[in-house]
Amino acid sequence: MSVLRRTGYVLGLPVVLLVSWWFLSANSTDFFFPPLSRILESLREEWFGPRLTEDVWPSLYRLAAGYAVAIVVAVALGVLIGTSRIARGLLEPVLEFFRAIPPPVLVPIFILFFGLGDGMKILVIAFGCMWPILLNTVEGVRAVDSVLSDTGRVYGLSGWPRLRHLVLPSASPQIFAGLRQGLSVAIILMVISELFAADNGLGFAVVQAQRSFAVPETWAGMLMLGLLGFLLALLFRIVENRQLAWYHGLRRAQRSN
Amino acid sequence: MLDVRGIQKIYEGKGRTVEAVRDLTFSVGSGELVCIVGPSGSGKTTLLKIMSGLLQPTAGEVLVEGKRVDGPPPGMAVVFQEYGRSLFPWMTVRENVELPLKQKKLPAARRTELIDESLAAVGLAEAHGAYPWQLSGGMQQRVAIARAVAYEPQVLLMDEPFAAVDAQTRADLEDLIRDIWHRFQVTTLFVTHDIDEAVYLGQRVLILSSSPTVVRQDLAIDLPDARDQLTTRSSPRFAELRAQVYSQIHRPKEPAGEPASGAHPVAS
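Scoring rules and cut-offs
Residues numbered from 1 in each chain as written. Chains lettered and ligands numbered in written order. Predicted model: local features only at pLDDT ≥ 70, side-chain atom pairs only at ≥ 80, totals over all residues. Heavy atoms only, no water. Helix = DSSP H or I, 4+ residues; strand = E, 2+ residues; numbered from the N terminus. Buried < 20%, exposed > 50% of the residue type's maximum accessible area, 1.4 Å probe, protein only. Contact = heavy atoms within 4.5 Å. Pairing = 2+ DSSP bridges. Polar contact = N/O pair within 3.5 Å; in protein donor to acceptor, adjacent residues only side chain to side chain.

### Some thoughts on the overall build of chain A
The number of helices and strands found in chain A is eleven helices and zero strands. Along chain A, helices and strands appear, N-terminal first, in the series α-α-α-α-α-α-α-α-α-α-α. Here the C-alpha coordinates of chain A stretch approximately 75 × 60 × 30 Å along the principal axes. A total of 257 residues make up chain A; the buried ones form 43% of that total. A sequence separation of at least 24 residues applies to 75% of the contacts in chain A between residues at least 6 apart.

Written as structure tokens, this is what we have:
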């Protein structure tokens, strides 16, 4: 019963929206607002057809690579800044400046240095989405509980084992908060990096469709991007729930006391 | 085993220096169970942090088996008051106990042996796979004690470990400490603000003054070795010892000459 009700809540509004869209646009002759049936047809034929391998996969590959680079760099740098006062003093002003640069502006500059290939796009994604991860890692690392830290010292935990068993797990709830923000930034930059100069990818295909007045394809591309973002967020939630199961349990235990 | 010599600790603040500990000298013999009791704010935690190498003293030194402490010594385990913040919440009970043993690079078979033995000793043989936050406060502190015991320390330090658990649990845990001390013969230093607890547990009680701290008295507890909550606590000797400790702790606060019960000078 409660499962049914929850499913109803989750699916209710999307279904209502889709059905309204379907019927309101059913007899549309407006060139810019094609019927939803046309859009879905294009979604099936184009986006789940040849474009899946030609455009969606390259985009996803660059997204994954850029996101991965950002995670490695941001967590490493975040741990360094969070644990060393000297590193913080030295790096913080520079990082504040870089952080203030809107990442899309980097595309033209990165093109000069890295050309039009995947490397440029991966770097734009990495550069843009590393900031929330970095800042949250710094905060998380700095907030390691003092008693926990003392306990670690008493039992001889230092260096890499300390990082692995104490600092990173303790900061992981914060790091995951940063990762979630970083993921949405990465998706935005994935599209933007393909708008300027590209010969494949989701962003490229949507713009291409729009420029050649393939209106249903343009709409379908938008739906595809929304779907992709939704699925990635879902995937992220699953991973997070697994990794932070202890944290959610701890929070529940603290609340019930 | 443990020598504390002329420890002084001064905290330097902005335009304000606080002398938390003035001059502490005492020693604890191998296998002894010594309680340190003092009023709130008497620098007990400062002393414990200095002994465990987590804090540098302003003057004086701590020796463990003749070796000067200038960082957490390898043969020392500490049980903290804040059990909820001392166990790693992302690890199961078993992993919590095992982590220090891994740092000591013990082989897996020996680790298993120590974990099973110590968890059984604190009565948690069934809780290996649980996470600390799934356990009650008293059980969490048992895990912390098991972790300390499994570490096979030469010296076991306890910083008001039962201050945050309820009275019944507390009595059980006190008996557990006596039991563990008997079983593993480990030199134990137990810090508390609770006079009854200090007298009930210790072979000796070190009575500290309020801050800036000095040792007021080193009192031998001549109660029989087999103690239990009912008979020991209701024995006349227990009451006498308790009164002695009480009078020492409350001495400076009473104006001289006032005939309050705590004001009499006490011979030890």
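After that view of the structure, there is still more to cover.
### A look at the pairing of strand 9 (residues 204-208) of chain B
Two faces belong to every sheet, and in a regular strand the side chains alternate between them. Residue and element names in this part refer to chain B. For strand 9, a buried count of five out of five residues is recorded, marking the element as mostly surrounded by other parts of the structure. In strand 9, alternate side chains face the same way, and those of R204, L206 and L208 on one face and V205 and I207 on the other are all buried. Where strand 3 (residues 33-37) meets strand 9, four bridges bridge the pair, whose relative direction is parallel. Looking at strand 9, one finds that V34 is bridged to R204. As judged from the five bridges shared by strand 9 and strand 10 (residues 213-220), these two strands associate in the antiparallel manner. The partner of L206 across the bridge, within strand 10, is D218. The hairpin formed by strand 9 and strand 10 contains four residues between the paired strands.

### As for helix 7 (residues 146-154) of chain A
By the criterion of burial, helix 7 of chain A is predominantly enclosed, with seven of the nine residues buried. Along helix 7 of chain A, the positions that sit buried rather than exposed are A:V147, A:L148, A:S149, A:D150, A:T151, A:G152 and A:V154. Tucked inside the fold, the buried residues of helix 7 of chain A contact helix 8 (159-196) of chain A together with helix 1 (44-51), strand 6 (76-79), helix 2 (83-86) and helix 5 (137-150) of chain B. One side-chain oxygen of the residue at the start of helix 7 of chain A lies 2.8 Å from the amide nitrogen of A:V147, identifying that residue as A:D145.

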